[in-house]
Amino acid sequence: MTTTTDIHTPDFLRGDEFSIPTFRLLRQDGTLHEGAEAPALDREQALRIYRTMVATRVLDERMMAAQRQGRLSFYMQCTGEEAAVIGAAAALDDADMIMSQYREQGALVYRGFSYDEFMNQLFGNELDYGKGRQMPIHYGSRKLHFMTVSSPLATQIPQATGYAYGQKLAGEGHCTIVFFGEGAASEGDFHAALNMAAVHEVPVIFFCRNNGYAISTPSIEQFAADGVAPRAFGYRMHVIRVDGNDILAVLSATRKARRIAVEENKPVLIEAMTYRLAAHSSSDDPSGYRSKKEEEVWRDKDPILRMQNWLVAREWWNDDEEKALQESLRREVLETMKRAEKRPPPPLDSLVSDVYADVTPALQRQLDHLKTHIRQYPEAYPRGARSLDPDVKPRDDASDADNRGGE
Amino acid sequence: MTTTTDIHTPDFLRGDEFSIPTFRLLRQDGTLHEGAEAPALDREQALRIYRTMVATRVLDERMMAAQRQGRLSFYMQCTGEEAAVIGAAAALDDADMIMSQYREQGALVYRGFSYDEFMNQLFGNELDYGKGRQMPIHYGSRKLHFMTVSSPLATQIPQATGYAYGQKLAGEGHCTIVFFGEGAASEGDFHAALNMAAVHEVPVIFFCRNNGYAISTPSIEQFAADGVAPRAFGYRMHVIRVDGNDILAVLSATRKARRIAVEENKPVLIEAMTYRLAAHSSSDDPSGYRSKKEEEVWRDKDPILRMQNWLVAREWWNDDEEKALQESLRREVLETMKRAEKRPPPPLDSLVSDVYADVTPALQRQLDHLKTHIRQYPEAYPRGARSLDPDVKPRDDASDADNRGGE
Amino acid sequence: MPNMNMLQAINSALDIAMAEDDKVLCFGEDVGIFGGVFRATSHLQEKYGKSRCFNTPLVEQGIIGFANGLAAQGSVPVAEIQFADYIFPAFDQIVNETAKFRYRSGDLFNVGGLTIRAPYGGGIAGGLYHSQSPEAYFAHTPGLKVVVPRNPYQAKGLLLAAIRDPDPVLFFEPKRLYRASTGEVPEEDYQLPIGEAEVTREGSDVTVLGWGAQMEVIDRAVELADKEGISCEVIDLRSILPWDEDSVVESVLKTGRLVITHEAPLTGGFAGEIAATVQERCFLYLESPIARVTGLDTPFPLTLEKEYLPDHLKVFEAIKASVAF
Amino acid sequence: MPNMNMLQAINSALDIAMAEDDKVLCFGEDVGIFGGVFRATSHLQEKYGKSRCFNTPLVEQGIIGFANGLAAQGSVPVAEIQFADYIFPAFDQIVNETAKFRYRSGDLFNVGGLTIRAPYGGGIAGGLYHSQSPEAYFAHTPGLKVVVPRNPYQAKGLLLAAIRDPDPVLFFEPKRLYRASTGEVPEEDYQLPIGEAEVTREGSDVTVLGWGAQMEVIDRAVELADKEGISCEVIDLRSILPWDEDSVVESVLKTGRLVITHEAPLTGGFAGEIAATVQERCFLYLESPIARVTGLDTPFPLTLEKEYLPDHLKVFEAIKASVAF
Ligand SMILES: Cc1ncc(C[n+]2csc(CCOP(=O)(O)OP(=O)(O)O)c2C)c(N)n1
Ligand SMILES: Cc1ncc(C[n+]2csc(CCOP(=O)(O)OP(=O)(O)O)c2C)c(N)n1
Ligand SMILES: [Mg+2]
Ligand SMILES: [Mg+2]
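Residues numbered from 1 in each chain as written. Chains lettered and ligands numbered in written order. Predicted model: local features only at pLDDT ≥ 70, side-chain atom pairs only at ≥ 80, totals over all residues. Heavy atoms only, no water.

Quick look at the overall build of chain A
Step number 1: Helix and strand counts for chain A come out as 13 helices and nine strands.
Step number 2: Taken against the 2.2 N^0.38 rule, which gives 22 Å for 407 residues, the C-alpha radius of gyration of chain A at 23 Å falls within 12% of a compact globule.
Step number 3: Projected onto the principal axes, the alpha-carbon positions of chain A cover approximately 80 × 55 × 45 Å.
Step number 4: Evaluated residue by residue, chain A yields a buried proportion of 65% over its 407 residues.
Step number 5: The long-range fraction of contacts in chain A, counting pairs at least 24 apart against all pairs at least 6 apart in sequence, stands at 74%.
Step number 6: Across chain A, the centroid of the 49 positively charged side chains sits 3 Å from that of the 61 negatively charged ones. (Helix = DSSP H or I, 4+ residues; strand = E, 2+ residues; numbered from the N terminus. Rg over C-alpha atoms; globule rule 2.2 N^0.38 Å. Buried < 20%, exposed > 50% of the residue type's maximum accessible area, 1.4 Å probe, protein only. Contact = heavy atoms within 4.5 Å. Lys, Arg positive; Asp, Glu negative; His and termini not counted. Charge placed at Lys NZ, Arg CZ, Asp CG, Glu CD.)

In structure tokens, the structure reads:
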């Protein structure tokens with residue numbers, strides 16, 4: 001229980017007694033703030049980070065364009081938040097677990113998920129690790145320690161607490177980082193996760209991308225407080241607020257967070273202040289709820305340009321390299337996209353596998369019945385029919401893309 | 001969004017940057033703390049409060065004894081927390097809504113719920129407003145603006161936010177107070193409720209009874225922070241911590257909270273530090289998880305004695321009055337208990353009423369079928385049979401009480 | 001009569017309800033200025049102000065907890081859950097609280113004013129979490145009403161009835177019909193009855209039963225059957241809870257056969273309840289086993305959604321099998 | 001063989017599982033030093049330490065979220081929900097997460113190690129919120145397994161199987177039998193199969209089917225029937241999901257009649273699923289309608305609990321009616 005001082009007048013605290021400062025290192029022009037010190041970062045890792053940021057941006061731009069052309073049913077961009085996501089990933093050991101919300105593809109790129117792997121998921125083809133079951137952007141990779149994305153918001157946050165508890169018992173010095181938006185932080189699962197992590201002393205980093213919006217809902221309609229960071233006090237948890245467009249600050253803060261998590265077995269909350277520069281998703285149009293002017297302000301804080309300025313000033317990067325990188329990435333996106341599109345869908349049997357470790361007799365009966373039915377009407381089920389008879393050419397209708405949800 | 005100062009070194013806050021003081025007015029001996037000023041309280045209201053505390057204590061002691069004798073299937077005591085609950089109720093307008101957890105019978109006594117009304121609920125007889133559907137202690141009173149108790153923890157907290165939002169729209173100057181334990185505050189519903197109340201500027205008082213335990217779980221295994229109060233900062237909500245055994249402090253704090261709620265339409269969090277002196281419930285035995293010594297420390301802080309000392313010092317109360325009050329209350333408990341025990345159970349039709357506003361045809365069929373069945377085996381269903389034929393004498397078996405749950 | 005799609009019909013119902021009664025409030029994630037991700041609440045904030053139509057924080061358990069409290073207070077909340085797949089965080093508030101509020105208090109308090117709207121169902125390439133049909137989870141919960149409209153006309157009339165119903169209603173909207181289904185809808189106020197099924201087509205050989213988006217599927221199947229000389233009676237259940245046993249039984253007593261279809265998985269789906277009841281009440285009249293045409297017993301897939309869904313061909317085959325038994 | 005009550009049998013299963021495998025953890029509200037409000041986890045913290053058996057904060061959605069994460073990491077969590085009535089705050093974590101973890105990831109990740117234990121059911125004067133039987137809510141969820149033991153021997157063998165099963169298992173314990181049901185239970189390790197029903201009595205006139213605490217009720221009803229010369233075949237379903245269709249169908253093909261009983265309300269209860277399946281697979285062999293003897297379609301009451309519950313007399317009447325049809 002608590003041992004506190006006493007007062008004898010009924011003075012309410014108002015929540016404005018303190019404010020949480022923002023940690024910043026890098027100015028937009030690539031110079032450091034006065035008194036700021038860049039974290040240890042050699043050329044190689046700096047370029048790994050930078051290339052990851054650019055590769056993420058290029059992927060996002062191209063795939064959103066592909067979505068508009070109707071080649072893809074759905075897409076979500078990381079645009080504007082690359083420094084937050086990739087800076088955090090770069091601060092970790094590559095074997096630490098990453099549990100993401102859905103806008104953290106940059107972390108996957110950083111770990112080495114190839115464009116081919118992205119495309120297979122986006123097109124839900126036979127090579128998709130998820131076997132074409134989830135909507136585009138629900139990536140996952142066991143070998144890269146990146147938990148498969150799940151749409152229900154915030155569910156991954158208490159899971160991260162549990163995962164990290166398991167890591168602590170295993171004693172191999174790993175931790176878990178869990179990403180979520182400032183919107184998702186309103187869910188009950190958020191409260192559960194942070195409280196349990198603090199009580200059970202779990203090596204987990206709660207990384208909140210406060211990008212100002214949850215679809216159309218601005219953060220002032222999401223919470224009345226000064227961001228998400230002050231909630232840490234309610235759990236007696238280490239906390240820092242960081243400029244999410246500042247790759248050096250994010251890297252430095254997350255490195256320190258990781259030390260606290262792994263060495264002290266204490267959870268940490270990081271709130272990265274950033275902005276969702278693009279629409280919420282391919283189904284969204286932000287013009288209905290925010291101004292172009294507001295977007296412009298943030299476009300001027302582009303995290304990739306900021307890092308580029310820093311790299312160029314150090315002569316670790318130049319325009320030619322930039323051009324070559326952009327071109328090769330664009331080419332690669334288009335090539336891998338074409339490859340993935342052409343690939344056949346997952347086999348019909350994948351409809352019933354992985355529900356349980358083994359297919360149950362009842363499910364096997366349902367599958368057999370379905371096969372009989374498809375054999376009767378092969379034209380009506382081109383994907384299923386092709387799987388039954390690989391010589392059948394896929395004749396997918398494009399209506400999927402038109403009919404997509406509104407989220 | 002947030003406008004905060006900047007820092008350039010990754011300094012984590014640790015949650016120990018501030019502590020929340022405890023507001024106290026009254027010492028155990030009945031004198032005021034130095035610098036403390038008693039809230040405005042005339043003799044009449046002071047005695048209403050005091051009598052309520054004693055009436056609650058007597059009810060609890062007698063009913064727990066009745067439970068041990070097997071006359072009652074289940075009981076829960078407010079013992080030790082009377083000042084917190086009754087002080088809060090006394091600070092309100094009697095038409096403000098009270099949503100309780102389950103240990104707040106004192107608030108009902110304060111509002112004028114009679115022992116007869118208590119007993120009818122405890123024995124689930126035909127006069128129970130709840131029609132014998134819920135376990136003992138699930139009281140409710142529409143006329144006293146006391147929401148019927150519901151067992152699932154914390155569900156009432158977001159409901160209070162909604163109720164108070166309706167009160168704000170109605171514009172009649174009422175607010176809602178919602179009670180909950182420090183254990184229930186771990187539920188996701190707590191987070192939802194406080195956040196929504198702050199965002200939507202709702203006249204609600206969140207009153208946390210931090211009594212140190214959730215059944216066997218001590219508060220140090222419930223949260224790592226200094227109590228529940230610091231969570232208010234996460235919602236930018238007014239907050240105070242108060243000595244929950246100090247009736248004057250609770251009254252004063254809650255009065256001020258009510259003004260903030262009703263006049264400013266701002267939610268308030270009050271954390272009352274107190275102690276559950278009795279077992280969690282009649283099904284619990286605390287000797288398995290806490291020491292007698294710890295209990296003794298708190299028994300010395302008895303909130304009723306503390307108020308008695310204050311009253312006696314002001315000559316508003318004396319030993320004879322105390323004795324007379326105790327005796328008359330004990331007598332009344334026994335008399336009302338006997339009356340309630342003898343009353344018949346609710347009628348058979350109450351099994352299917354109130355599921356919907358009107359009994360559905362399917363439910364009517366189920367009831368008719370049940371009646372036919374009971375007519376066939378009247379001895380097997382003495383309560384139902386008596387309802388069908390009031391001349392049948394009730395012949396309840398006592399096995400209900402033996403078979404109770406373990407919570 | 002104007003032509004409306006289902007979203008417009010729903011918007012019109014909300015507009016009428018809010019205009020008529022100050023106590024009606026609409027809220028949920030993104031329902032404020034944006035009008036909801038599907039735009040069902042478009043312009044309501046403009047018309048009725050921010051205090052009656054507003055965004056909530058992103059917390060379904062809070063939305064329904066808040067709505068329960070509001071309804072208990074006497075307001076008439078219409079809460080939106082953005083997708084039915086995201087109603088589960090509110091399951092406790094709905095199943096333990098909403099459903100039991102009146103009963104547990106002996107009718108001292110009730111949340112009868114509450115309506116919960118949620119888009120449900122597949123066919124929009126939504127995969128596991130934008131496609132579920134959770135009606136059966138709620139149909140096992142006495143105290144709730146569960147309603148599913150099949151077209152714009154039904155949507156408006158049933159939603160107005162739901163808002164005014166003295167009991168809490170879950171209103172599941174077939175989102176793949178939001179824009180796809182259009183039809184004449186009166187501009188003015190009207191209600192359709194809750195708890196009553198509708199026979200949308202009379203026939204003599206077999207009864208085919210469904211609700212929501214499946215009604216379109218059934219219509220296509222029944223046309224195919226018609227060409228083979230099979231006369232189908234078609235019933236739209238409309239209310240899943242309480243459901244209109246008598247109308248269904250009456251039809252099956254006549255046709256002797258029943259095919260039920262829903263998108264949700266087979267096991268534990270509401271077709272099971274209907275089949276169990278009908279086999280009991282029509283035992284001597286059944287000429288073939290009651291057939292269920294449903295989603296597979298798996299989570300909802302994406303690439304193979306077409307294969308998964310109980311489409312018109314599967315329903316048609318079941319009709320034929322039922323008649324040929 | 002020692003005599004144990006059901007709590008002792010459960011405690012013994014947990015003890016064996018924790019002794020054998022370091023990765024097995026037990027946690028939940030009050031399960032630590034106190035051993036749980038029913039004492040099912042007594043002494044486990046003493047034996048295996050606070051890191052493997054511990055109290056959690058009071059938050060069911062957190063308990064299961066935490067457990068899902070632990071299971072995904074490779075641990076073997078056995079999470080306790082204090083009463084099945086309080087499992088609903090965790091419904092989203094169970095239905096959207098636990099159940100779909102393996103499927104959605106294409107088997108990259110799974111939470112197969114997870115077991116969720118919860119006491120369920122009535123008969124203890126618990127009223128609305130200490131009596132519910134929520135198995136049907138979960139039985140509509142592909143990816144979960146749902147198991148209910150009927151006595152101490154079954155409880156130990158099935159719980160050990162559940163902990164080691166490669167899929168997540170919900171293990172509902174009939175709390176009114178916790179101390180009331182006793183019997184011989186081997187001290188050592190053994191497992192009983194998940195997914196298989198058990199014929200506990202052979203008979204020829206009618207099949208009577210149930211699970212958990214209803215098995216005792218059935219036994220009493222069947223004795224009464226026996227005295228009237230009715231020969232009942234009794235089946236304990238044991239696994240609700242996936243359920244053993246073949247064994248049930250085999251029995252009904254023999255007897256031609258089926259009575260199913262559970263405590264949960266009728267509508268949407270799991271008996272509906274069984275009846276729907278059996279009428280389809282045994283259509284030509286059924287001699288009377290499949291009967292369901294269940295709780296009423298109301299919340300669970302208190303004073304009139306006896307009247308509400310599907311007791312042996314109601315089951316007996318259903319058996320007679322089925323045979324006399
Ligand atoms: C439980 C749940 N509720 C609602 C949704 C629908 N939804 C998807 S994204 C989103 C907004 C999330 O905002 P935020 O957490 O801030 O993340 P951001 O999109 O800004 O990265 C909503 C409401 C969902 N996926 N899950
Ligand atoms: C959702 C839910 N989970 C669990 C329980 C079982 N339970 C009843 S009281 C209790 C402890 C509550 O502790 P606290 O909130 O501190 O209140 P106190 O008993 O100390 O007044 C628990 C776990 C419940 N009633 N509801
Ligand atoms: Mg956001
Ligand atoms: Mg407590």
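That was the structure; now back to the text.
Topic: the overall build of chain C
Step number 1: Each helix and strand counted, chain C has twelve helices and 14 strands in total.
Step number 2: Its C-alpha atoms give chain C a radius of gyration of 19 Å, within 12% of the compact-globule value 20 Å for 325 residues.
Step number 3: Relative to its full complement of 325 residues, chain C shows a buried share of 79%.
Step number 4: Contacts spanning at least 24 positions in sequence make up 82% of the contacts within chain C whose residues lie at least 6 apart.
Step number 5: Accessible area of chain C: about 8,100 Å², with a carbon and sulfur share of 46%.
Step number 6: Placing the 27 positive and 45 negative side-chain charges of chain C at their respective mean positions leaves the two points 3 Å apart. (Areas by Shrake-Rupley, 256 points an atom, 1.4 Å probe, with all protein chains shown as cover.)

A closer look at the coordination of the magnesium ion (ligand 4)
Residues and elements named next belong to chain B.
Step number 1: Within the protein, Glu182 (OE), Asn211 (OD1) and Tyr213 (O) serve as the donor atoms for the magnesium ion (ligand 4), at 2.1 to 2.2 Å.
Step number 2: The sequence motif formed by the donor residues of the magnesium ion (ligand 4) is E-x28-N-x1-Y. Taken together, the residues Glu182 in the loop between β4 (176–181) and α6 (188–200) and Asn211 in the loop between β5 (204–210) and β6 (213–214) connect sequence positions 29 residues apart. (Donors = N, O, S within 2.8 Å, 3.2 Å for Na, K, Ca; no water.)

Some thoughts on the pattern of salt bridges
Step number 1: Within this structure, the stated rule accounts for 102 salt bridges over all chains.
Step number 2: Notably, a salt bridge pairs C:Lys50 with A:Glu221, separated by 3.1 Å at the nearest N-O pair. With C:Lys50 in the loop between α2 (44–48) and β3 (53–55) and A:Glu221 in the loop between β7 (217–218) and β8 (238–243), this residue pair bridges two chains.
Step number 3: Taking the shortest distance from any N to any O, the salt bridge between C:Glu287 and C:Arg257 comes out at 3.4 Å. (Salt bridge = Lys/Arg side-chain N within 4 Å of Asp/Glu carboxyl O.)

Points about the interface of chain B and chain A
Step number 1: Opposite the 65 residues of chain B that make contact, chain A presents 67 residues.
Step number 2: Carbon and sulfur atoms supply 61% of the area buried between chain B and chain A, which totals about 5,800 Å² over both sides.
Step number 3: Between the two partners, chain B and chain A, sit four salt bridges.
Step number 4: Across the pair B:Arg236 and A:Asp16 runs a salt bridge whose closest N-O atoms are separated by 2.7 Å.
Step number 5: At the surface where chain B touches chain A, the tally comes to 26 residue pairs in polar contact (both at pLDDT 80 or more).
Step number 6: Secondary structure elements with two or more residues in the side of chain B that touches chain A: β1 (6–7), β2 (22–23), α6, β8 (238–243), α7 (247–264) and β9 (268–273) of chain B.
Step number 7: With six residues, the top contributor of residues to the side of chain B that touches chain A is α6(B).
Step number 8: Counted by class, the side of chain B that touches chain A contains 30 nonpolar, 21 polar and 14 charged residues.
Step number 9: Strand direction decides the pairing type here: strand β1 (residues 6–7) of chain A and β2(B), joined by two bridges, are parallel. Residue A:Ile7 lies in a different strand from β2(B), and its bridge partner there is B:Phe23. (Buried area = accessible area lost by both parts, 1.4 Å probe. Polar contact = N/O pair within 3.5 Å; in protein donor to acceptor, adjacent residues only side chain to side chain. Nonpolar A, V, L, I, M, F, W, Y, C, P; charged D, E, K, R; others polar. Pairing = 2+ DSSP bridges.)

Let's talk about the sheet that holds strand β4 (residues 76–80) of chain C
Residues and elements named next belong to chain C.
Step number 1: The strand order across the open sheet built from seven strands is β3-β2-β4-β5-β7-β6-β12, with neighbouring strands paired in mixed fashion. The sheet is open, and its two borders are formed by β3 and β12 (239–241), each paired with just one other strand. Pairs of neighbouring strands in the sheet enclose a mean axial angle of 20 degrees, with direction left out of account.
Step number 2: The sheet contact formed by strand β6 (residues 145–147) and strand β7 (residues 169–174) spans three bridges and is parallel. The residue bridging Val147 from the neighbouring strand is Phe171, located in β7. (Axes fitted to C-alpha atoms, helices over the stretch in contact; angles between N-to-C directions.)

Quick word on the pairing of strand β4 (residues 76–80) of chain D
Residues and elements named next belong to chain D.
Step number 1: Summarising burial for β4: five of the five residues are buried, a large majority.
Step number 2: Residues of β4 alternate between two faces, with Val76, Val78 and Glu80 on one and Pro77 and Ala79 on the opposite face, all of them buried.
Step number 3: Summarising the sheet, strand β2 (residues 24–28) and β4 pair through five bridges and their orientation is parallel. Of the residues in β4, the one forming a bridge with Cys26 is Val78.
Step number 4: Judged from the three bridges that link them, β4 and strand β5 (residues 115–120) form a sheet pairing that is parallel. Bridge pairing links Glu80 to Arg117 in β5.

Overview of the side chain of D:Asp311
Step number 1: Position of D:Asp311 among the secondary structure elements: in the loop between α11 (305–308) and α12 (312–324).
Step number 2: Despite its burial, D:Asp311 remains without a salt bridge, the nearest opposite charge being carried by D:Lys314 at 5.2 Å.

Don't take any of this as a statement about function, it's just geometry.
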